[in-house]
Amino acid sequence: MRVSVALFTADLRVHDNPVLVAALKDAERVVPLFVVDTGIRRTGFAVPNRAAFLADSLADLDAALRARGGRLVVRVGDVVEETCRVATETGAAVVHLAGGVSRYAMRREERLRAELAGDRRELHVHEASLTVVPPGALTPAGKDKDHFAVFTPYFRRWEGFSVRGVLPAPDTVRLPDVRTAGLPGPQSLASGPTSPGLPTGGESEARRRLRSWLAGPLCAYDDQHDDLAADATSRLSPYLHFGCLSPTELLHRAREQHNPGAYAFVRQLAWRDFHHQVLAARPDAADHDYRPRHDRWRRGALETEAWKEGRTGYPVVDAALRQLGHEGWMPGRARMLAASFLTKTLYVDWRVGARHFLDLLVDGDIADNQLNWQWVAGTGTDTRPNRVLNPLVQARRFDPHGEYVRRWLPELRGLDAATIHRLPDLDDATRADLDYPARIVDLAEGAARFREGRGIGRETS
Ligand code: FAD
């Protein structure tokens, strides 16, 4: 009897899952395996918000497999050792795995390949699992160019890529005789409190959200995605990060809609692939400047604390950081202006902000988080690296009625939009009745720090 292992990592789903489909095609019996990887815990990447979402997702995956006659097999320990142990115990000839792009995922893959080969077993890596276009599949013309460093030309090629079709969920999954640990609870994955407004994880919830997103709000995405109060983005990012939803299926389903909202949305999926292909080619960009600007970052410990707590005195920045604490999530526009404020107004190293985001974001992802932070800081792939997002201009443009601010800063609920927008410039006497901090930095002073630290002229938007 032929046995294979489908090792789940960031693809916690039964629909459109190349790893599971290939494992089933390969063998009569399949071990759907998840290893609670003690190595990840040591990296600091396992945090309560993502642990809670992961625990939900594993329970949901187990239920989906049980509905097909199988179940999820769980082991705890080093992912390579445990996978090899399962392969030996069940006599599996092949292990199937989705190709990852972080240094951690790449090392895991290398180690697994070597260990399995030593035992005359094979590793099959499926590259078109976690992104629409496999990292490395598109490269610019020219010698030695292994990835795209600029989004627009990448997107032009990405749009023309022949994307694989959507794979059906299997009807039946039959396991060999194999022992399993119990499903992990969130506290066994990472201890500590979670954000109160965390979404529920899992493929069932992902598919429910997908259906309602496609049925209505997607249509208005182009016009509304930057409107902070409208909350008009898909909120699918955590489901994509954990692979509860396949980006390929999402792409096909969005393209079927044929409206400007869908086009704009698909473009965002390309950004996700773009960052993944950069990280795959430059794994060190997770913590090293992709394009060094010779910054002399400030430490600014007190200011950084105020930023993390949402007490900078700039209401829209504070609202963004408070939403992050409450939901473990924030819309892209809020992420951009919060990140710009830290790196280009306080002039604090992007790694400090990226770490804080990773501590809380339920969709926290090495490729998307680190490379977006670098993009905003100007050390990444932005072609205008020195642009500064002015929080007053951004607030008037993307929260004109002050609704987003009032939602997240209860202490400002009684104020009208005009007052909210002027708050950072009001003197102490005028602000006396408010339980809200004075601004921690003057924008002109912040801009001067940035120019001086980086040694440049100025662009603003
Ligand atoms: P939508 O607007 O509905 O977009 C749909 C999907 O497209 C998203 O779910 C996401 O998968 C992808 N997407 C959209 N914008 C981007 C982008 N700029 N880069 C890459 N993919 C994108 N995204 C993460 O998934 N994880 C992170 O850790 C993360 N950190 C970020 C940090 C900073 C400083 C910034 C500026 C952006 C970050 N993003 C991150 C990208 C983006 O902000 C989020 O993906 C998006 O806000 C999630 O909300 P949504 O699902 O409603 O997005």
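Structure: above.
**Focus on the sheet that holds strand β5 (residues 122-126)**
Step number 1: Pairing in this open sheet of five strands is parallel, and the strands run β3-β2-β1-β4-β5 from one edge to the other. Strand pairing shows two members of the sheet lacking a second neighbour, β3 (73-77) and β5, which therefore form its edges. Recorded for the sheet is a direction-independent mean angle of 30 degrees between the axes of neighbouring strands.
Step number 2: The strands touched by helix α4 (residues 79-90) are β1 (3-7), β2 (29-37), β3 and β4 (94-98); relative to β2, the strand with the most contacts, the crossing angle is about 155 degrees.

**Looking at the site of the ligand**
Step number 1: Every one of the 29 residues lining the ligand counts as a neighbour, but Tyr221, Thr233, Ser234, Arg235 and Asp363 are closest to it.
Step number 2: Gln268 has a polar side-chain atom sitting 3.0 Å from a nitrogen atom of the ligand.
Step number 3: Asp363 has a polar backbone atom sitting 2.9 Å from a nitrogen atom of the ligand.
Step number 4: Compared with its free state, where it exposes 810 Å², the ligand has 95% of that area covered by protein.
Step number 5: Elements with a contribution of two residues or more to the shell around the ligand: α10 (237-241), α12 (260-281), α15 (332-345) and α17 (366-377).
Step number 6: When residues of the shell around the ligand are assigned to their parent elements, the largest contribution, six residues, is made by α12.
Step number 7: Class assignment of the residues belonging to the shell around the ligand gives a composition of 14 nonpolar, nine polar and six charged.

**Some remarks on the packing of helix α14 (residues 315-327) against α15**
Step number 1: Taken N-terminus to C-terminus, the directions of α14 and α15 make an angle of 115 degrees; their axes are 9 Å apart at the nearest point. Viewed along their axes, α14 and α15 adopt a mutual orientation that is roughly perpendicular. With respect to the hand of their crossing, α14 and α15 are arranged in left-handed fashion. Touching Val316, Val317, Ala320 and Leu321 of α14 are Ala334, Leu337, Ala338 and Phe341, all from α15.
Step number 2: By residue class, the composition of the contact of α14 with α15 is eight nonpolar, no polar and no charged.

Definitions and cut-offs
- Residues numbered from 1 in each chain as written.
- Predicted model: local features only at pLDDT ≥ 70, side-chain atom pairs only at ≥ 80, totals over all residues.
- Heavy atoms only, no water.
- Pairing = 2+ DSSP bridges.
- Helix = DSSP H or I, 4+ residues; strand = E, 2+ residues; numbered from the N terminus.
- Axes fitted to C-alpha atoms, helices over the stretch in contact; angles between N-to-C directions.
- Contact = heavy atoms within 4.5 Å.
- Near = heavy atom within 4 Å.
- Polar contact = N/O pair within 3.5 Å; in protein donor to acceptor, adjacent residues only side chain to side chain.
- Areas by Shrake-Rupley, 256 points an atom, 1.4 Å probe, with all protein chains shown as cover.
- Nonpolar A, V, L, I, M, F, W, Y, C, P; charged D, E, K, R; others polar.
- Parallel < 35°, antiparallel > 145°, perpendicular 65-115°, else oblique.
- Left-handed = near helix turned anticlockwise from the far one by under 90°.

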